[in-house]
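# Structural description and commentary
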Amino acid sequence: MSISMEVISGINCSSLVASPICLSTIGAKLNFNHRSPNVQMMSWEYMQVRFKGVQLWRPRAHNCKHVNSKLTCNSDVACSHHSFLLPTWILHRRSSCLSCCFPFSWRLKKFGVTSCRMIHSSEKIRHHIALFVFRLMVGVMLFISLFLAVSNSPSFALSEENLLFLEAWRTIDRAYVDKTFNGQSWFRYRENALRNEPMNSREETYIAIKKMVATLNDPFTRFLEPERLRNLRSGTQSFLTGVGLSVGYPMELEGSSAGLVVVSAAPGGAASRAGISRGDIMLAIDDTSTEHMSIYEAADRLQGPEGSSVELTVCSGSEIKHVTLTRERVSLNPVKSRFCEVTGSGKNPVRVGYIKLTSFSKNASGAVKEAIETLRSNNVNAFILDLRDNGGGLFPEGVEIAKIWLDKGVIVYICDSRGVRDIYDTDGSSAIAASEPLAVLVNKGTASASEVLAGALKDNKRAVLFGEPTFGKGKIQSVFELSDGSGLAVTVARYETPAHKDINKVGVIPDHPLPESFPKDETEFCHCLQDPAAACYLTRVDLFPR
């Protein structure tokens, strides 16, 4: 009897090692033809590896000879460089061997062919999936290209006027303190405005920007045409042309919202000479009602060419009067000073220096330093800082003047909708008058930057405040210039005093009241410190209790 030995190649080895026949071939006995002296027999051996469910297989060769009617076999490694894994490993790693050697039977051939068909099917599936992904990517790229082509068509192109509007929109988007934008979707407003608002000329674009700003319902955030921006900047310089009035919005406690309130009248100015004073209500400017007029529009109307006239309708108490004022060049020298001697508790009189600060214009801090040095040269050892009717000005100047009086401490907290954003403080390096007794005078006309200064001096216990609650403007605006020369004044933050008091619509509360008859200029204040019979009399101890 003879046995034919077959070598089956091209069969996936995973099917071979999984077959029960494959496992039974090790140690199998064969009958052979006695006339055939040599027989080679193939079997398999395996060893365990560290991966769970994985065995490493390799074929072994058995060289058999017929000696004295007995079969003698010697084992030798025939394919020592081939190794095969069980299906668990092959399934996960998608690996297979290209050829295997194995003896026996048609059943193994059939099993191997089936396995190869399964492999070919999986390869076809992968091919179809790859083709589908490729086609999908090509389709997406074509869609994007078509969309960009349509977007760049003339019907979707942005005009120069549209770009100016978007510049204004982005400025507010980045800088405005209220990130809810008065409870509206700021992005949706932009899209609706570009779609619906006419912007065919610069005038129409300005109207669209004003409408956008109006939706914020913030009287201090406003659009500035190029001329108004120049006027605003001139107001922080050394002079302007007008009637010498500062106006503000009436407070609720004043019981009137029919116009604008006079915050201060510059001493010696056209309005002051006509009898207009702080607290009067301005009802109309050149027959235009101020009921719905912003303070910035009012300021524009009050200013004008030197020598021109403006007619005002003013309510003073119960009296309504009409006055015509001539615009004139108004000097904005922010500081006036003098000193006087006050009888002290000892034999030597005390010299008190009086500094009147009317605005925080450019270089106001330098003027205050100069006044302090001048007064010191006259042996002044106490100071009165008068901030009454000071409507503010440049915020940085207010911070610099606070540094003059403080040896250390927080000046102001800058806050937004998320809390404290920035802190202005001082280490004393700029202080030149941090030790002398200091009294600060305030009233309802004390606003904005002057409130920052008053709050810093009070909360750091550097000064004692006299007067009445201040105006209560606790918001900070920054001016941004747009590409065409126009601009935006945007409320960028609110501020809190060093004691974390929000003064908006509340004001800084003074420590003590001030006699109503206390003079507002430097010429008469000595009388109130020297004459005990005067209605405005204050002793040195009253002014400087610390």
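Refer to the structure above for everything that follows.
What comes next is a walk through the structure. (Residues numbered from 1 in each chain as written. Predicted model: local features only at pLDDT ≥ 70, side-chain atom pairs only at ≥ 80, totals over all residues. Heavy atoms only, no water.)

### With respect to the packing of helix α5 (residues 160-175) against helix α7 (residues 202-214)
The criterion, for reference: Orientation is described by axes fitted as lines to C-alpha atoms, over the contacting stretch for helices, and by angles from 0 to 180 degrees between their N-to-C directions. Note on conventions: DSSP H or I runs of at least 4 residues are helices, E runs of at least 2 residues are strands, and numbering of each starts at the N terminus. Roughly parallel here means an angle under 35 degrees, roughly antiparallel means over 145, roughly perpendicular means 65 to 115, and every remaining angle is called oblique. Working rule for handedness: look at the near helix, and if it is turned counterclockwise from the far one by less than a right angle, call the crossing left-handed; if clockwise, right-handed. Note on contacts: a residue pair is in contact if any heavy atoms of the two residues lie within 4.5 Å.
Viewed as axis vectors pointing N to C, α5 and α7 meet at an angle of 25°, and their least axial separation amounts to 10 Å. Between α5 and α7, the interaxial angle falls into the category roughly parallel. Crossing angle aside, the handedness with which α5 passes α7 is right-handed. Contacts from Glu160, Glu161, Leu164, Phe165, Ala168, Trp169 and Ile172 in α5 reach Arg202, Thr205, Tyr206, Ala208, Ile209, Met212 and Val213 in α7.

### Digging into the sheet that holds strand β16 (residues 382-386)
Note the cut-off: Pairing between strands is defined by DSSP: at least two bridges between the two strands are required.
As summarised here, the arrangement of the five strands in space is β14-β15-β16-β19-β20, forming an open sheet in which the pairing is mixed. In the strand order of this sheet, the two ends are held by β14 (335-342) and β20 (464-467), each with one partner. Each neighbouring strand pair of the sheet contributes to a mean axis angle of 20°, computed without reference to strand direction. Docked against the sheet, helix α11 (residues 364-376) engages β14, β15 (350-357) and β16, running at close to 25° with respect to β14.

### Things to note about the state of the cysteines
Defined as follows: Cysteine sulfur atoms that come within 2.5 Å of each other are treated as a disulfide pair. We call a residue buried when its accessible area falls under 20% of the maximum for its residue type, exposed when it is over 50%, and partly exposed in between, using a 1.4 Å probe and counting protein chains only.
This model, assessed by the stated rule, comprises one disulfide. Residue Cys528 pairs covalently with Cys536 via a disulfide, S to S 1.8 Å. Measuring the twist about the S-S bond at about -85°, one finds the Cys528-Cys536 disulfide to be left-handed. Judged by its relative accessible area of 2%, Cys528 falls in the buried class.

### Examining the packing of aromatic side chains
The condition that has to hold: Here a pair means two rings of Phe, Tyr or Trp (six-membered ring of Trp) with centres within 6.5 Å. Their orientation is stacked below 30 degrees between planes, edge-to-face above 60, and tilted elsewhere.
Scanning all chains against the criterion turns up nine aromatic pairs. Pairing Tyr206 with Phe223 gives two aromatic rings, centres 4.9 Å apart and planes at 50°, and the pair type is tilted. Highlighted residues: Tyr206 in helix α7 and Phe223 in strand β5 (residues 222-224), separated in sequence by 17 residues. Judged by relative accessible area, which is 13%, Tyr206 ranks as buried. Taking the relative accessible area as the measure of exposure, Phe223 reaches 2% and is therefore buried. An aromatic cluster is present here, built from Trp169, Tyr176, Phe181, Trp186, Phe187 and Tyr189 joined pairwise through their rings.

### Notes on helix α13 (residues 449-459)
A turn of α-helix holds 3.6 residues, and therefore any two residues three or four places apart point the same way. Of all 11 residues in α13, 10 are buried; the element is thus mostly enclosed. Of all the residues in α13, the buried ones are Ala449, Ser450, Glu451, Val452, Leu453, Ala454, Gly455, Ala456, Leu457 and Lys458. At the C-terminal side of α13, Lys461 shows a positive phi close to 55°.

### Re the environment of Phe518
As for its placement among the helices and strands, Phe518 is situated in the loop between β22 (487-496) and α14 (525-530). Phe518 sits 19 residues away from Tyr537 along the chain, and the two C-alpha atoms are 8.0 Å apart. In this view, Phe518 contacts Arg388, Leu441, Cys528, Cys536 and Leu538; residues no more than four positions away in its chain are not counted.

### With respect to unusual backbone geometry
Positive phi outside glycine occurs at Phe181, with the angle close to 50°. Assignment of secondary structure puts Phe181 in the loop between α5 and α6 (186-196). On the basis of relative accessibility, which here comes to 6%, the residue Phe181 falls in the buried class. Phi at Asn363 is positive, roughly 70°, even though this residue is not glycine. Along the polypeptide, Asn363 turns up in the loop between β15 and α11.

### Describing the pairing of strand β9 (residues 281-285)
For β9, a buried count of four out of five residues is recorded, marking the element as mostly surrounded by other parts of the structure. Across two bridges, strand β8 (residues 260-265) lies against β9 in antiparallel orientation. Bridge pairing in β9 places Leu260 opposite Met282. Across four bridges, the pairing between β9 and strand β11 (residues 309-316) is antiparallel. In the sheet register, Ala284 faces β11, and the bridge partner there is Thr313. Connecting β9 to the next strand, strand β10 (residues 288-289), in antiparallel fashion are two residues, including Asp286 with a positive phi near 55°.

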